[in-house]
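Residues per chain are reported as follows:
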Amino acid sequence: EQEALIGTMAHRRRMLGGAAAAADAAERRDNPDAARAAPVSDENGEKINDDEDKVDEKKVESLLDQASALQRELTEEERQEQQRKEEEARILKEASKVQTNALQAASELAHGVEYKKPLPSTWTCPRYILDQGQAAWEKMRKEWHTE
């Protein structure tokens, strides 16, 4: 007796048995030509009864279908709120990028140069400010709202 050629998935289902065999049985029910070409038997060599292995197959829905269904369910106010949030997120992302790029030269941006260490500096605080003390510094911070 010559064995019919079967696909890789059907072969795996046969080898795994159980739920996979039930899925294979459901596939044979849907496609009668496949049922004639490849009868399925369990590990003991007994033919599997299609009536015993009924599988509840849920309708598989793609993410795009789910998103469009969700979009249809939204009210006008919810849509406006969602658009406002998306616009706000886009503006914040753009502003963050502008702040980051503002301190870089165009050539550095083009070449993707990133500096890991700060540039060395010889700057020191003027002596008269150092002599003022902590209380004067706190007063200046409060006056200029830098805290």
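Residues numbered from 1 in each chain as written. Predicted model: local features only at pLDDT ≥ 70, side-chain atom pairs only at ≥ 80, totals over all residues. Heavy atoms only, no water.

**Quick word on the overall build of the protein**
As a reminder of what qualifies: Put simply, DSSP H or I for four residues or longer makes a helix, DSSP E for two residues or longer makes a strand, and each gets a number counted from the N terminus. Burial classification: accessible surface area is computed with a 1.4 Å probe over protein chains only, and a residue below 20% of its type maximum counts as buried, one above 50% as exposed, and the rest as partly exposed. Throughout, a contact is declared for two residues whenever any of their heavy atoms are within 4.5 Å. Here, Shrake-Rupley sampling with a 1.4 Å probe gives the accessible areas, and only protein chains in the shown set may cover a residue.
Helix and strand counts for the protein stand at 8 helices and 0 strands. Overall, the protein shows an N-to-C arrangement of helices and strands of α-α-α-α-α-α-α-α. Within the protein, the fraction of its 147 residues that count as buried is 10%. Nonlocal contacts in the protein, meaning residues at least 24 apart in sequence, comprise 31% of its contacts between residues at least 6 apart. Carbon and sulfur atoms make up 53% of the accessible area of the protein, which amounts to about 13700 Å² in all.

**Points about unusual backbone geometry**
The phi dihedral of His145 falls on the positive side, at around 55°, and the residue is not glycine. Counting through the fold element by element, His145 comes out in the segment after helix 8 (134-144).

**Structural notes on the pattern of salt bridges**
Here is the rule we go by: One speaks of a salt bridge when a side-chain nitrogen belonging to Lys or Arg is within 4 Å of a carboxyl oxygen belonging to Asp or Glu.
What the rule picks out here adds up to 7 salt bridges. Notably, a salt bridge pairs Glu138 with Arg141, separated by 2.8 Å at the nearest N-O pair. Placement of the pair is Glu138 and Arg141 together in helix 8, with a separation of 3 residues, close to one helical turn. Given the relative accessible area of 32%, Glu138 is considered partly exposed.

**Notes on the side chain of Glu108**
Put simply, the rule reads: By the counting rule applied here, Lys and Arg register as positive and Asp and Glu as negative, while His and the ends of each chain are not counted.
Mapped onto the secondary structure, Glu108 falls in helix 6 (residues 106-111). Nearest to the buried, unbridged Glu108 among oppositely charged side chains is Lys116, at 13 Å. What Glu108 contacts, discounting residues up to four positions off in sequence, is Val113 and Tyr115.

**Some points on the confidence of the model for the protein**
Cut-off, in case you're wondering: You can read pLDDT as the predictor saying how much it trusts each residue, on a scale of 0 to 100.
Averaged over all residues, the pLDDT of the protein equals 75, while 66% of them reach at least 70. Within the protein, the element-level pLDDT minimum falls on helix 3 (residues 32-37), averaging 52, and the maximum on helix 7 (residues 127-132), averaging 95. Note on residues 50-57: pLDDT under 50 across the span, and 12 contacts to partners over four residues away in sequence or across chains.

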